[in-house]
Amino acid sequence: MEATRGKIKLRKSADTSLQKQCFQAVRTHFAALGTEAVLELPTPLLQDLLPHLTACQLDEVQPALNHRGLSTYPGWLEILQDLVGPSRALDFRTEEEAKHEVMLRLFTSVFYGLSNSYVLKNSTNLKSNSFLSAAAKSIHHFILIPCMHQALQALTTNQQPLLVLLEKHIRTIHVNHLLTVRKTQAALYVLHRLLDHGVTTNLVVSIDSPLDLAWLLHGRGSQYVNLELKALLSCAHVFQTSPANAAGAASSSIDVKSTASGNQSDHVIPCKRAKLFSGSVEEEDDQSGVPSFTLDPQVLCHTFSPGDGPSAGACAFGQITHLEIRTCGPDSLRVLGFSLPTFSCLQSLSLHSISIFRESDVLDFAEALKQLSDSSCSSLIHLSIGLLPHVGLMKTLLNANPRLTSLCVEFQTVIWGPPFDLNLGTAEPDMSELPLEKLTVKVTQLQTDLHFLTSVLRRCPHLTSLHIAGMRLPTGSSQSWLLSTLSESNHCLKALNFEDIKLCDCLPDILELLRSCMLEELCFNDCRLLEKCINPEKSLVELVAALKIPSLHSLSLAQNRLAKNVYVLAELFSGPSQSSLKQLDIRSNFIQPADLLEFAKRLRIHHPPHRLTLDLRKNPGDRDPETWNTALKRLQPFSFLLVEGWKSTDTLVDHVSNM
């Protein structure tokens, strides 16, 4: 009997090896076979083939497969696992998300000449204009790296057709290096083409450079003119049109590292050669003596565009509707503050600082925000800002722009300076209704007064999404007040996300909330749901019974130490009122192999009505690999499993994260 089993295993292994060789042959000779011949393969074989195809091949067969109701997601996922690792790859849940991430990463690597293991293994298929063109049609995000001069310079010469494609498809530009340094004219030209001639309206800036920010915003929505930038633009015209003036100007300099400050007088700044364009002027000047460096988009366009290109007439400026500044220092915030009052086309603004904003700077920003809000032309409805020094500023920002429908604020305790007056500007409580639909509050401080949040929640009857993270209350206090406020005032809630909040003493309030709202997404991550419970199993049974609401399709209970009690979750799909869940996240719950097997046995009895995406990452499957794999096999028929390798040495980390 054992000998027979051994022969069967060997035969299966040989069959698998032969199939893999055939798939590799199809991949290698794909062009010779032709797309039509590959698509004629039986559906099961096609699905097995997808993970072996290259990005270009997947892109080629995707339309036809989608038309037949087949997804290329397994193929994109396989490439993603090679690019970012198994765990990170699983965060991209749909075909389009996975494809865009693959194409963006590969386009960026190939375009800029960067290397990774996947690019090296597939250089023959990737390092070609055909791949860059195919990828350019698939991506809507472009990462601009000004220091990669040669690649950007190519877009002004032999790669002009690629630039035209990018103009048609790129909606978001990410600038992550300084612009106003030597040899960046090609970068400025590419930015001009995408922002002013293309469809790009979203700008992401990962540098703290006030002058760069002023250049990026200039003419693209705000009427504000930065005096320092204006001087440099004037210099550029002088340099381009008058060699005599250029020779004189090149001998002096202006320090443009300082920013637009509060001095907004009409004093004319002398036109001088900029310090930050330091280096040998002769290197950049042409033989006529005219320096070739300019910041003027109009001059750049006439200089670099082909005769039949977009520079035939005067260039119109584009409009920035979504702006994200990921490293916003005080000077950049000040430049933005000057631009904001007339920035009528701006719909979304996201600001984040690696250090805590000063209260005075935030109040100045709030004043600029109010000026914009008071304008009948204002379009701003989404604001995200952090790190703020105290929670009282949330109400300040809402009062500055009561039109907001989405607000994300992040607070961090300031450990120096005088204490803040949290009642600043709130002597008379404002109970006027707010149109807020989405609110995110992240708090990193030892203790928080809950009133600052509940007073805002009561003013938001239309709130549909709430995310709260890290809110710690004084000893002896409970989050019950917050939960009861939601039950009473926010019946429209569809998505609720609590993260790193102690809820172990709030089960009755959670049950009431679940009865009051028709939630579609619920996340209790690291909420210590079963901590200090006398009977954890009984508490979980009560929670599961309340979670069986028809509207709920996504549930996350990650980092709650469910452990051996995980089997209770199978009851979600039992009885006449079974859950309609499509996604269940139980990562980092110290679920051991025997616990998962028991969960799988019970889930086989009560099948989910839909194929369930089940996230099992960061659980100790290596304690008993055979039992763990048996459990996974039992779950596979009705679940899409998200798993990764577990190292027992991570156990202490998992324990500490759940303390």
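Per chain, residue numbering runs from 1 following the sequence as it is written. Only residues with pLDDT of at least 70 get local features here, since the model is predicted, and only at 80 or more are side-chain atom pairs given and counted; chain-wide, interface and lining totals rely on the full set of residues. Side-chain numbers here rest on the full set of heavy atoms in the structure, without hydrogens or water.

Notes on the overall build of the chain
A tally of regular secondary structure across the chain gives 29 helices and 17 strands. Every residue pair with non-hydrogen atoms within 4.5 Å of one another is taken to be in contact. When contacts within the chain are restricted to residue pairs at least 6 apart in sequence, long-range pairs at least 24 apart make up 79% of them. Exposure was quantified through the Shrake-Rupley algorithm and a 1.4 Å probe, taking into account, for residues, occlusion by the shown protein chains and nothing else. A total accessible area of about 30200 Å² is found for the chain, and carbon and sulfur atoms account for 53% of it. Strands are runs of DSSP state E lasting at least 2 residues, helices are runs of H or I lasting at least 4, and numbering of each runs from the N terminus.

So, empty space enclosed by the protein
The definitions used throughout rest on a 1 Å grid laid over the protein atoms alone, on which a cavity is an enclosed set of points accommodating a 1.4 Å probe that cannot get out and a pocket is an open set flanked by protein within 12 Å on both sides along at least five of seven lines; lining residues are those having an atom within 4 Å of a point. Grid points are joined across faces, edges and corners, and a volume is the space filled by probe spheres set on the points. Taken as a whole and assessed by the stated rule, the structure comprises two cavities of 30 Å³ or more. In this structure, the second largest cavity encloses a volume near 50 Å³. Around the second largest cavity, the lining residues are Leu213, Ala214, Leu217, His218, Gly219, Ser222, Tyr224, Asn226, Leu229 and Ser339. Of the residues in the lining of the second largest cavity, the class split is five nonpolar, five polar and no charged. As a working rule, the residues Ala, Val, Leu, Ile, Met, Phe, Trp, Tyr, Cys and Pro are called nonpolar, Asp, Glu, Lys and Arg charged, and the rest polar, with Gly in that last group.

Let's talk about the packing of aromatic side chains
Here a pair means two rings of Phe, Tyr or Trp (six-membered ring of Trp) with centres within 6.5 Å. Their orientation is stacked below 30 degrees between planes, edge-to-face above 60, and tilted elsewhere. Throughout the structure, instances matching the rule amount to nine aromatic pairs. For the pair Phe107 and Phe111, a centre-to-centre distance of 5.5 Å together with 5° between the ring planes defines the contact as stacked. Within this pair, Phe107 and its partner Phe111 are both found in helix H8 (residues 95-112), separated by four residues, close to a single helical turn. Each residue gets one of three labels from its accessible area relative to the maximum for its type: buried under 20%, exposed over 50%, partly exposed in between, using a 1.4 Å probe on protein chains only. Overall, Phe107 belongs to the buried group, its relative accessible area being 1%. According to the relative accessible area criterion, Phe111 is buried, its value standing at 8%. Clustering of aromatic rings is evident, with ring pairs tying together Phe107, Phe111, Tyr112 and Phe142. Ring-over charges, as used throughout, are those where CZ of Arg or NZ of Lys falls within 6 Å of the ring centre and within 35 degrees of the ring normal. Note that Arg220 overlies the ring of Trp215, its terminal NZ or CZ placed 4.9 Å from the centroid. A cation over a ring is seen here: Arg561 above Phe590, with NZ or CZ 5.1 Å from the ring centre.

Description of the side chain of Ser639
Its place among the elements puts Ser639 in strand S17 (residues 639-642). Setting aside chain neighbours within four positions, we find Ser639 in contact with Arg611, Leu612 and Leu614.

Section: the confidence of the model for the chain
Each residue carries a pLDDT score, the predictor's confidence in it, ranging from 0 to 100. Confidence along the chain averages 84 in pLDDT terms, with 82% of residues attaining 70 or more. In this model, residues 7-12 is a region of pLDDT below 50 whose contacts with residues beyond four sequence positions or in other chains number zero contacts. The model gives residues 655-659 a pLDDT under 50, and that stretch makes eight contacts with residues more than four places away or in other chains.

Here's the deal with helix H27 (residues 593-605)
Quick reminder: α-helices carry 3.6 residues per turn. Residues three or four places apart thus point the same way. Take the number of residues in a helix, subtract one, and multiply by 1.5 Å to get its expected span. In a regular helix each residue adds 1.5 Å, so 13 residues correspond to 18 Å; H27 covers 19 Å between its end C-alpha atoms and thus fits that length. When H27 is considered as a whole, its buried residues turn out to be Pro593, Asp595, Leu596, Leu597, Phe599, Ala600 and Leu603. Check the buried side of H27 and you find it contacts strand S15 (583-585), strand S16 (612-615) and helix H28 (625-635).

So, the nonpolar core
Counting residues in each nonpolar core, the largest one holds 187 residues, and the members touching the most others are Phe142, Phe365, Met394, Phe498 and Leu569. At nine residues, H8 tops the list of elements feeding residues into this core. Setting aside residues up to four positions removed in sequence, Phe142 forms contacts with Phe107, Phe111, Tyr112, Leu152, Leu166, Ile170, Thr172, Ile173, His174, Val190 and Leu194. Buried residues of nine kinds, namely Ala, Val, Leu, Ile, Met, Phe, Trp, Tyr and Cys, make up a nonpolar core once their side-chain atoms join them within 4.5 Å.

Topic: the pattern of salt bridges
When a carboxyl oxygen of Asp or Glu is within 4 Å of a side-chain nitrogen of Lys or Arg, the pair counts as a salt bridge. Tallying each qualifying case throughout the model produces 21 salt bridges. Two residues, Glu324 and Arg326, come together in a salt bridge whose shortest N-O distance is 2.9 Å. Across the pair Arg602 and Glu598 runs a salt bridge whose closest N-O atoms are separated by 2.9 Å. Note that Arg602 and Glu598 are positioned in helix H27 at a spacing of four residues, about one turn of the helix. Salt bridges linked by common partners bring Arg88, Asp91, Arg93, Asp585, Arg587, Asp615 and Arg617 together as one network.

Some thoughts on the environment of His390
For His390, the position within the fold is in the loop between strand S8 (382-388) and helix H22 (393-400). When the C-alpha atoms of His390 and Val443 are compared, they prove to be 9.2 Å apart, with 53 residues separating the residues in sequence.

Points about the packing of helix H6 (residues 73-84) against H8
A fitted line through C-alpha atoms serves as each axis, taken over the contacting stretch for helices, and the angle formed by two N-to-C directions is quoted from 0 to 180°. At their nearest, the axes of H6 and H8 sit 9 Å apart, and the two run at 45° to each other. Relative to H8, H6 is oriented oblique. Along this stretch, H6 crosses H8, giving a crossing that reads as left-handed. Each of Tyr73, Trp76, Ile79, Leu80, Leu83 and Val84 in H6 lies in contact with H8, whose residues at this interface are Glu95, Ala98, Lys99, Glu101, Val102, Met103, Arg105 and Leu106. Across the contact of H6 with H8, the residue classes break down as 10 nonpolar, no polar and four charged. To sort the angles, those under 35 degrees are grouped as roughly parallel, those over 145 as roughly antiparallel, those from 65 to 115 as roughly perpendicular, and the leftovers as oblique. Two helices cross in a left-handed way if the nearer one is turned anticlockwise from the farther one by less than a right angle. They cross in a right-handed way if the turn is clockwise.

Examining the state of the cysteines
Criterion for a disulfide: a pair of cysteine sulfur atoms within 2.5 Å. Taken as a whole and judged by the stated rule, the model has zero disulfides. Free cysteine Cys315: the closest other cysteine sulfur is in Cys301, separated by 3.6 Å.

What about H22?
Summarising burial for H22: seven of the eight residues are buried, a large majority. The complete set of buried residues in H22 reads Leu393, Met394, Lys395, Thr396, Leu397, Leu398 and Ala400. Those residues of H22 that are buried lie in contact with helix H21 (359-374), S8, strand S9 (406-412), strand S10 (438-444) and helix H23 (451-457).

A few points about the pairing of S8
Most of S8 is tucked away, with six of its seven residues classed as buried. Classification remark: right-handed applies to a crossover when, strands pointing away from the viewer, the course from the first strand over the helix to the second runs clockwise. Note on the crossover from strand S7 (residues 348-352) through H21 to S8: the handedness is right-handed. Of the pairings in the sheet, the one linking S8 to S9 comprises six bridges and is parallel in character. Residue pairing in the sheet places Leu388 in a bridge with Phe411 of S9. Between S8 and its parallel partner S9, the chain crosses via H22, and the hand of that crossover is right-handed. The pairing criterion is simple: DSSP has to find at least two bridges between the two strands.

A closer look at unusual backbone geometry
Of note, the bond from Gly386 into Leu387 is cis; its omega dihedral lies within 30 degrees of zero at 10°. You can see Leu387 is positioned in strand S8. A positive phi is found at Lys618, a non-glycine position, where the angle reads about 60°. Structurally, Lys618 is set in the loop between S16 and H28.

Quick notes on the environment of Leu132
With respect to the secondary-structure elements, Leu132 resides in helix H11 (residues 129-138). For Leu132 and Phe111, which are 21 residues apart along the polypeptide, the C-alpha to C-alpha distance reads 7.3 Å. When near neighbours in sequence (up to four residues on either side) are disregarded, Leu132 contacts Phe107, Val110, Phe111, Gln159 and Leu162.

Thoughts on the packing of helix H5 (residues 55-67) against H8
The geometry of a pair of packed helices is captured by two quantities: the angle between their axes and the separation between those axes. Direction vectors running N to C along H5 and H8 enclose 155°, while the axes themselves pass 11 Å from each other. The pairing of H5 with H8 is recorded here as roughly antiparallel in orientation. The two elements H5 and H8 meet at a crossing, and its hand is left-handed. Contact residues: H5 offers Ala55, Asp59, Gln62 and Asn66, while H8 offers Glu95, Glu96, Lys99, Val102, Met103 and Leu106. Grouping the amino acids of the contact of H5 with H8 by side-chain chemistry returns four nonpolar, two polar and four charged.

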